[in-house]
Structures are given as structure tokens and as C-alpha cells.
Amino acid sequence: MKPLLTEESHAFISKLFLLLSIPTYVVTRYVIVAPFGRHVQDSKKYRWWFGPQLDAKLSWFIFESPNLIWSWYCYCYLRDSELMSSGSDAAIISFDNNQLKISSNTMLLALFTLHYINRAIIYPLRMNSNSHRVPLLVTSSAMVVTILNGYIQSFHLVRVHKLTPLTLPPSSWINLQSWLGILVFVVGMTINITADGVLRNLRRQRNSDGGNNQKTYYIPQHPLFTYISCPNFFGEILEWFGFAIASQFSLPAMAFFIYTSSNLVPRAIAHHEWYKQKFEDYPLERKWAVIPFVV
């Protein structure tokens with residue numbers, strides 16, 4: 001049996017992760033909505049399948065942390081200095097012919113790590129203390145996904161393929177593509193964090209106006225929610241599309257973009273249908289679940 005940390009094993013697991021998108025979409029779209037968050041009450045009859053329920057903050061930390069662990073481990077112990085450099089020497093940033101050069105591999109690993117610092121640490125800390133508990137099986141299955149994804153993204157960037165260094169000013173079409181991808185990633189992350197903040201603060205704001213039930217839901221009112229019900233999911237899909245662009249459409253990055261879409265699109269559709277059933281006055285112009293004018 002080949003060891004895990006080889007290029008051959010990495011390529012195999014990347015393809016396997018890509019194929020995992022198919023059952024993920026089918027099951028979450030047509031079989032069952034994962035019973036956490038607002039859908040937990042709709043899934044009581046399935047609760048025995050999912051085992052004991054964990055505190056939401058703890059659950060999020062547990063299942064998002066493998067991404068951070070892999071990025072740390074790969075960078076500290078497995079990195080190829082040449083792949084992570086901006087030029088002929090080992091420097092991450094260098095100057096050559098009046099151009100600033102930045103290692104694309106290091107930049108993308110930093111963006112990946114930044115995203116999961118938010119998802120594994122900051123986001124759980126900012127969650128409402130009485131958020132719905134998360135079934136153990138949901139936590140465990142999500143953790144399997146992050147173990148696989150953290151490995152394929154981090155190992156690819158530190159050990160497998162050296163991307164063309166970023167330059168300022170851009171010196172080629174590939175360079176422009178990479179900068180565009182980074183811009184799309186940053187825009188997506190901004191949308192994701194902003195929309196998450198709107199949803200998190202909505203009940204607190206309404207509670208300060210006289211409400212007492214922390215589990216009461218309200219219609220989000222924010223420009224990001226004008227046409228879609230789940231801009232937080234849209235932002236995260238956009239992030240990983242930008243990451244794929246910046247990585248020059250590498251297999252691991254494309255696999256994660258497709259997997260993210262296969263997971264979040266069905267959940268967004270379920271959210272959208274839930275909103276329309278719960279609120280008679282749900283905005284008519286909010287016709288789409290997650291991607292404006294598409295779905």
C-alpha cells in the first residue's frame with residue numbers, strides 16, 4: 001500500500017474528493033436536509049440516525065479544524081522551499097527587474113488558512129450561545145470532508161505543483177488570472193462574513209426591540225439579501241471559485257469548488273423553501289436561493 005503523503009496518493013484522493021460531490025448533491029437535495037440549524041426541528045424522525053447532539057460552537061471547531069491542522073503541518077514539515085518561493089532563491093517575496101514577485105503557492109495557502117481561521121475559530125466564538133445543537137454524525141461526516149480537503153489543498157500547494165509567481169505590475173495573462181482569482185476570493189469572503197453577521201445579529205437586534213425568544217426567526221433585511229436568500233452561501237461558493245481561478249484550475253481547487261457547490265446549493269434551496277413556507281410576506285423579488293438569476 002502506498003503511503004498517504006505521495007503525489008500519486010494525492011492525485012487519487014483529489015479525484016475521489018471530486019467524485020464525492022455527486023452523492024453529496026443527490027443525498028442533500030433529494031433525500032434529507034442535514035439536520036442542524038433551522039432544519040433541526042424538521043428532522044426529529046431521523047434523529048436516531050445522527051447520534052447524540054453536540055454544542056454548536058464545539059461542533060464547528062471540531063469539524064473545521066482539520067483544514068488548519070493540515071495547512072500548518074504541510075507548511076512546517078512538508079514544504080518544498082522551491083515551490084513556496086517567488087523566484088530562484090527561497091524568498092517568498094522578491095524584487096526582479098523592477099517587479100515585485102510574490103509566491104503564488106504561499107499566497108494561496110495563506111488565503112486558505114485565513115478562511116479557516118475564520119470558520120474554525122472566529123465564527124464559532126461569535127455564534128449565539130443557544131444555537132441549535134449539531135448531531136454527532138453531521139459533525140463526523142463534515143470532519144471527514146475537511147480532513148480530505150485540508151490534505152489535498154495544503155499538500156498540493158507545498159509539495160506538488162509550483163504556480164507562476166504573482167508579479168506587480170502583472171507580467172502575463174496567467175498573472176492577471178491569478179490576481180483576478182484572488183480578487184474574487186476576497187470579494188466572496190467579504191460577502192460570506194457580512195451575510196453571516198447579518199444573520200447572527202438579526203435575532204439579537206429584534207430581541208433588543210422587545211422579543212424574548214432567541215430561536216424566533218425573522219426575514220433578513222440587507223442589500224445582500226435583495227435577490228437571494230443565502231448570500232452567505234453564495235459568498236463561500238464565490239470564494240472557492242476565485243481560489244480555483246487563482247490556482248490555474250488545479251484539480252484539488254476545482255474539486256473543492258465543485259464539492260462546495262454540491263453541498264451548499266441544496267442547503268440554500270432548502271433554506272429558500274423554508275423561508276417561503278414560514279413567512280407569508282417573504283419579499284417577492286427574492287426569487288433565488290443562492291446564485292442570482294440561476295438557482
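Residues numbered from 1 in each chain as written. Predicted model: local features only at pLDDT ≥ 70, side-chain atom pairs only at ≥ 80, totals over all residues. Heavy atoms only, no water.

**With respect to the sheet that holds strand S2 (residues 93-96)**
Put simply, the test is: Paired strands, as defined in this entry, are two strands with at least two bridges between them according to DSSP. Starting at the N terminus, helices and strands are each numbered in turn, a helix being any DSSP run of H or I of at least four residues and a strand any DSSP run of E of at least two. What counts as an axis is a line fitted to C-alpha atoms, over the stretch in contact for a helix, and the angles between N-to-C directions run from 0 to 180 degrees.
Judged by pairing direction, the sheet is antiparallel, and its three strands sit side by side in the order S2-S3-S5 without closing on themselves. Both edges of this open sheet fall to S2 and strand S5 (166-168), since each of them pairs with a single strand only. Each strand of the sheet is rotated relative to its neighbour by a mean of 25 degrees, with strand direction disregarded. Inspection of the sheet shows S2 paired to strand S3 (residues 99-102) by four bridges, in the antiparallel sense. The partner of Ser-94 across the bridge, within S3, is Lys-101.

**Observations regarding the pattern of salt bridges**
Rules: The salt bridge criterion pairs a side-chain nitrogen of Lys or Arg with a carboxyl oxygen of Asp or Glu, the two atoms within 4 Å. Burial classes follow relative accessibility: with a 1.4 Å probe on protein chains only, a residue under 20% of its type's maximum area counts as buried, one over 50% as exposed, and anything between as partly exposed.
If you walk through the whole model with that rule in mind, you get one salt bridge. A salt bridge links Arg-119 to Asp-196; the shortest N-O distance between them is 2.9 Å. Here the residue Arg-119 occupies a position in helix H5 (residues 104-126), and Asp-196 occupies one in helix H7 (residues 173-208), the gap between them amounting to 77 residues. Judged by its relative accessible area of 6%, Arg-119 is buried.

**Structural notes on the nonpolar core**
To be explicit about the condition: We define a nonpolar core as any set of buried Ala, Val, Leu, Ile, Met, Phe, Trp, Tyr and Cys residues linked to one another through side-chain atoms lying within 4.5 Å. The contact rule is simple, with two residues in contact once any of their heavy atoms fall within 4.5 Å.
Core analysis: the largest hydrophobic core is formed by 43 residues, its most contacted members being Phe-17, Leu-108, Trp-240 and Phe-243. Where this core is concerned, the elements lending two or more residues are helix H1 (7-19), helix H4 (56-78), H5, helix H6 (136-160), H7, helix H8 (231-246) and helix H9 (251-278). Ranked by the residues each element gives to this core, the list is headed by H9, at nine residues. In contact with Phe-17, not counting residues within four places along its chain, are Val-145, Leu-148, Asn-149, Ile-152, Ala-255, Phe-256 and Tyr-259. Counting ten residues, the second largest nonpolar core, distinct from the first, contains Ile-32, Ala-56, Tyr-123 and Val-138.

**Some words on the side chain of Asn-67**
The condition is simple: Nitrogen and oxygen atoms within 3.5 Å of one another constitute a polar contact, given that in protein one can donate a hydrogen and the other can accept it, and given that sequence-neighbouring residues count only through two side-chain atoms.
Within the element layout of this structure, Asn-67 appears in helix H4. At a separation of 3.3 Å, a polar atom in the side chain of Asn-67 contacts the main-chain amide nitrogen of Gly-150. Residues in contact with Asn-67, not counting those within four places in the same chain, are Phe-112, Tyr-116, Thr-146, Asn-149 and Gly-150.

**Regarding the environment of Ala-120**
Inspection of the secondary structure assignment puts Ala-120 in helix H5. Accessibility expressed as a relative area gives 1% for Ala-120, which makes it buried. Measuring from C-alpha to C-alpha, the distance between Ala-120 and Ser-154 comes to 16 Å, with 34 residues separating the pair along the chain.

**A look at the pairing of S3**
As paired elements, S3 and S5 share three bridges and run antiparallel to each other. Following the sheet pairing, Leu-100 is matched in S5 by Leu-168.

**Some details on the packing of aromatic side chains**
Note the following rule: Side-chain rings of Phe, Tyr and Trp (the six-membered ring for Trp) are treated as a pair once their centres are within 6.5 Å; stacked means planes under 30 degrees apart, edge-to-face means over 60, and tilted covers the remaining angles. Note on geometry: a ring has a charge over it if NZ (lysine) or CZ (arginine) is within 6 Å of the ring centre and within 35 degrees of the ring normal.
Under the defined criterion, the tally for this structure stands at 26 aromatic pairs. Aromatic pair Trp-70 and Tyr-151: ring centres 5.2 Å apart, planes at 50 degrees, arrangement tilted. One end of the pair, Trp-70, is in helix H4; the other, Tyr-151, is in helix H6, with 81 residues separating them in the sequence. Of the two residues, Trp-70 and Tyr-151, neither departs from the other in class, the shared state being buried. Among the aromatic side chains, those forming a connected cluster through ring pairs are Phe-17, Phe-112, Tyr-116, Phe-185, Trp-240, Phe-243, Phe-256 and Tyr-259. Seen from the ring of Tyr-75, Arg-79 lies directly overhead, with NZ or CZ sitting 4.3 Å from the centre.

**So, the environment of Ile-269**
Its place among the elements puts Ile-269 in helix H9. The spacing of Ile-269 and Glu-239 is 30 residues in sequence and 19 Å in space, taken between C-alpha atoms. Contact partners of Ile-269, with chain neighbours within four places excluded, come to Arg-29, Ala-289 and Val-295.

Just distances and angles here, no functional claims.
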